Number of protein chains: 2
Amino acid sequence: MSRDGTTRSLELYLRERKANIDKALDVYLPKTDTYPPAIFEATRYSVFAGGKRLRPILCVAAAEAVGGREEQVLPVACAIELIHTYSLIHDDLPAMDDDDFRRGRPTSHKVYGEGIAILAGDALLTEAFYLMSRADLMADVDADRRLMVINEVSRAAGCFGMVGGQVADLQSEGAAVDEETLHYIHVHKTAALISVSLRAGALLANAGSGDLQALTNYGRKIGLAFQIADDILDIESTREVLGKDTGSDEERRKMTYPALFGVERSRHKAGELVNGALVDLERCDERAWPLREIAAFILERKS
Amino acid sequence: MSRDGTTRSLELYLRERKANIDKALDVYLPKTDTYPPAIFEATRYSVFAGGKRLRPILCVAAAEAVGGREEQVLPVACAIELIHTYSLIHDDLPAMDDDDFRRGRPTSHKVYGEGIAILAGDALLTEAFYLMSRADLMADVDADRRLMVINEVSRAAGCFGMVGGQVADLQSEGAAVDEETLHYIHVHKTAALISVSLRAGALLANAGSGDLQALTNYGRKIGLAFQIADDILDIESTREVLGKDTGSDEERRKMTYPALFGVERSRHKAGELVNGALVDLERCDERAWPLREIAAFILERKS
């Protein structure tokens with residue numbers, strides 16, 4: 001029971017938030033009857049491929065943790081999901097990780113061909129910035145603050161964030177990678193966007209600097225824990241559960257936490273990060289309960 | 001001689017503006033000693049490949065035409081050049097136009113491999129939005145107006161602009177294409193970014209709605225004229241002058257204006273567009289002289 005006496009359930013919270021995000025994405029993304037249809041089909045195919053919507057949910061939960069409302073941040077939350085989706089499409093390409101399946105379905109380039117898959121990624125990345133800069137949405141948020149959010153999200157997505165991480169990842173395949181490089185890859189490829197999801201939600205909800213810093217620290221830690229958990233799942237899960245080829249990291253001699261430290265030490269490391277993230281949230285009140293439960297959930301997830 | 005008695009020369013104007021834009025790009029883009037170096041090398045390789053900087057120059061010239069200053073618009077002008085460069089890198093990929101040379105040098109994927117080339121494009125597109133949203137630049141421009149510019153640029157770059165045009169172009173290869181489709185491709189793939197370059201410059205310089213509309217119309221027309229001139233050059237120029245394989249459109253059975261209407265009718269069409277663009281500028285005063293001369297220059301250029 002939460003303080004206000006209502007039963008709180010993370011499962012219910014995640015389901016409701018995901019439903020609202022899916023609905024908003026459907027409204028924001030152009031329909032497939034638009035010309036040229038291939039690009040609208042391809043972008044929707046990947047956006048509505050059954051993602052968990054972790055990043056936009058974290059964005060909304062961060063806003064709520066500091067007293068903001070879901071409607072204030074929904075466009076930015078959805079924009080971050082579009083950026084996440086673009087990165088998956090491009091990462092799956094033959095010239096990158098060369099994956100044929102994602103979430104149990106053929107990847108974009110297997111369905112639409114490489115050219116359209118590259119363009120679908122480009123379109124989603126561009127659409128994210130279009131969405132964040134729309135004047136008809138989030139009119140109650142200060143324009144300077146909205147520019148700041150666009151700036152932070154672009155930083156997290158670019159060379160000093162996801163792109164940098166993917167480059168290091170691509171170049172480390174088959175090579176002997178040290179802990180420092182592995183840390184760089186995980187922090188930039190995964191944790192940067194997760195962390196900025198929380199910052200964006202907090203900034204749009206006018207968080208004070210102390211709360212903003214706490215949510216940033218929480219984000220970095222659960223982002224890293226999430227990636228370690230993902231690497232462990234890649235080894236332990238089966239394709240049926242995960243919806244993509246497993247053991248592919250090992251096959252590709254891709255460097256991962258479990259490969260470097262073994263599964264047990266990796267699990268311990270992820271647990272330490274989650275505990276640290278919970279300490280970061282100590283200054284936040286009861287409204288941060290979903291963030292606390294999501295942190296624990298990261299260690300338990302099976303897909 | 002211009003009204004104020006100074007000698008005006010388009011050649012000098014273009015050279016000076018290009019120098020300032022090149023200098024600004026060098027300042028804005030991270031150095032190659034940053035980790036991971038491959039991505040910073042690849043982005044700089046394509047950005048500093050000898051481009052004419054037409055789009056950023058148009059952005060600056062539009063601002064000046066309505067009384068603005070170069071410094072006010074330089075970050076956005078450079079951001080538009082980054083978007084143009086990203087589109088060239090991705091268009092040249094084997095899954096798209098499969099071009100080995102651009103501006104006399106091997107294309108990005110020939111030098112860095114396909115994976116890094118895709119990521120270099122992604123990085124430049126993302127960096128463009130980072131640049132346009134930096135709080136330390138253009139501090140004297142109203143935040144709402146800066147959001148509006150980001151919104152317009154992203155629209156021109158996305159599914160309803162460049163990406164849409166490239167999709168239609170990709171799908172029309174080897175197919176019988178009608179005039180309507182060809183027009184769609186040119187308007188979206190080329191004219192959209194050229195037109196928004198002018199709009200962005202004008203918006204940042206607080207242009208009135210009449211001037212803004214005039215510059216928009218001018219941009220659409222010279223954008224289309226530029227593409228027609230480009231298609232004619234592809235047929236008539238030699239590889240030595242142009243720095244890329246010529247006749248490649250024909251070889252690929254790519255639909256172009258000259259292929260559909262012949263060279264003479266295409267040249268006539270481009271001339272009509274330029275004349276129309278000059279009519280659009282009639283409401284502008286002497287400060288629009290570079291825009292007037294650039295329009296004429298588009299028909300005369302040899303590379």
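Here the residue numbers are simple positions, counted from 1 along each chain's written sequence. Labels are handed out in written order, letters beginning with A for the chains and numbers beginning with 1 for the ligands. In keeping with the predicted nature of the model, local features appear solely for residues at pLDDT of at least 70, side-chain atom pairs appear and are counted solely at 80 or more, and the whole-chain, interface and lining totals rest on all residues.

## Overview of the relation of the copies chain B and chain A
For these two chains of identical sequence, chain B goes onto chain A by a turn of 180° and a shift of 0.0 Å along the axis, with RMSD 0.0 Å. Accordingly, the operation relating the two chain copies is best matched by a two-fold axis. Across chain B, the smallest distance between a C-alpha and the rotation axis is recorded for Ala143(B), namely 2.8 Å. The copies were overlaid by least squares, fitting only the C-alpha atoms of residues that reach a pLDDT of 70 or more in each copy.

## A closer look at the packing of helix H10 (residues 209-236) of chain A against helix H14 (residues 263-280) of chain A
Residues and elements named next belong to chain A. Angles here are taken between N-to-C directions and fall from 0 to 180 degrees, while the axes themselves are lines fitted to C-alpha atoms, restricted in helices to the stretch in contact. The way it works is that DSSP assigns letters per residue, a run of H or I at least four long becomes a helix, a run of E at least two long becomes a strand, and they are numbered from the N terminus. At their nearest, the axes of H10 and H14 sit 8 Å apart, and the two run at 160° to each other. In this view, H10 runs roughly antiparallel relative to H14, as classed from their interaxial angle. By crossing handedness, the relation of H10 to H14 is classed as left-handed. When H10 is examined against H14, the residues Ala214, Asn217, Tyr218, Lys221, Ile222, Leu224, Ala225, Ile228, Ala229, Asp231, Ile232 and Ile235 are found in contact with a partner set consisting of Val263, Ser266, Arg267, Lys269, Ala270, Leu273, Val274, Gly276, Ala277 and Asp280. Tallied by class, residues from the contact of H10 with H14 come to 14 nonpolar, three polar and five charged. Any angle between 65 and 115 degrees counts as roughly perpendicular, while under 35 counts as roughly parallel, over 145 as roughly antiparallel, and the rest as oblique. The crossing is said to be left-handed when, going from far helix to near helix, the turn is anticlockwise and less than a right angle, and right-handed when the turn is clockwise. It is the C-beta atoms, placed from the backbone, that decide contacts: two residues are in contact if theirs lie within 7 Å. Gly falls in the polar group here, along with every residue not listed as nonpolar (Ala, Val, Leu, Ile, Met, Phe, Trp, Tyr, Cys, Pro) or charged (Asp, Glu, Lys, Arg).

## A short note on the confidence of the model for chain A
Reading predicted coordinates in detail is not appropriate for stretches of low pLDDT. Averaged over every residue, the pLDDT of chain A is 92; residues scoring 70 or more account for 92%. In the predicted complex, the global pTM is 0.95; the interface-specific ipTM is 0.94. pLDDT is a per-residue confidence score from the predictor, ranging from 0 to 100.

## Structural notes on the packing of helix H4 (residues 70-92) of chain A against helix H6 (residues 114-132) of chain A
Residues and elements named next belong to chain A. Between H4 and H6, the least distance of the axes is 8 Å, while the angle of their chain directions is 165°. It follows from the interaxial angle that H4 and H6 lie roughly antiparallel. The two elements H4 and H6 meet at a crossing, and its hand is left-handed. Contact with H4, carried on its side by Pro75, Val76, Cys78, Ala79, Leu82, Ile83, Thr85, Tyr86, Ile89 and His90, involves Ala117, Ala120, Gly121, Leu124, Leu125, Glu127, Ala128, Leu131 and Met132 of H6 and no other residues of that element. When grouped by side-chain class, the residues that make up the contact of H4 with H6 number 15 nonpolar, three polar and one charged.

## Quick look at the environment of Ala135(B)
Tracing the backbone shows Ala135(B) in the loop between helix H6 (114-132) and helix H7 (143-157). Exposure classes come from backbone-placed C-beta atoms, where a residue is buried if 20 or more other C-beta atoms lie within 10 Å of its own, exposed if 12 or fewer do, and partly exposed in between. By C-beta crowding, Ala135(B) is classed as exposed, having 12 other C-beta atoms within 10 Å. Between the C-alpha atom of Ala135(B) and that of His186(B), which follows or precedes it by 51 residues, the distance is 34 Å. In this structure, Ala135(B) is in contact with Leu147(A), Met148(A) and Asn151(A), ignoring residues within four places of it in sequence.

## Concerning unusual backbone geometry
Residues and elements named next belong to chain A. At the junction of Tyr35 and Pro36, the peptide bond is cis and its omega measures out at -10° in the coordinates. When you line up the elements, Pro36 lands in the loop between helix H1 (10-28) and helix H2 (37-47). The backbone phi angle of Arg53 is positive, close to 65°, even though this residue is not glycine. Checked against the element boundaries, Arg53 lands in the loop between H2 and helix H3 (54-65).

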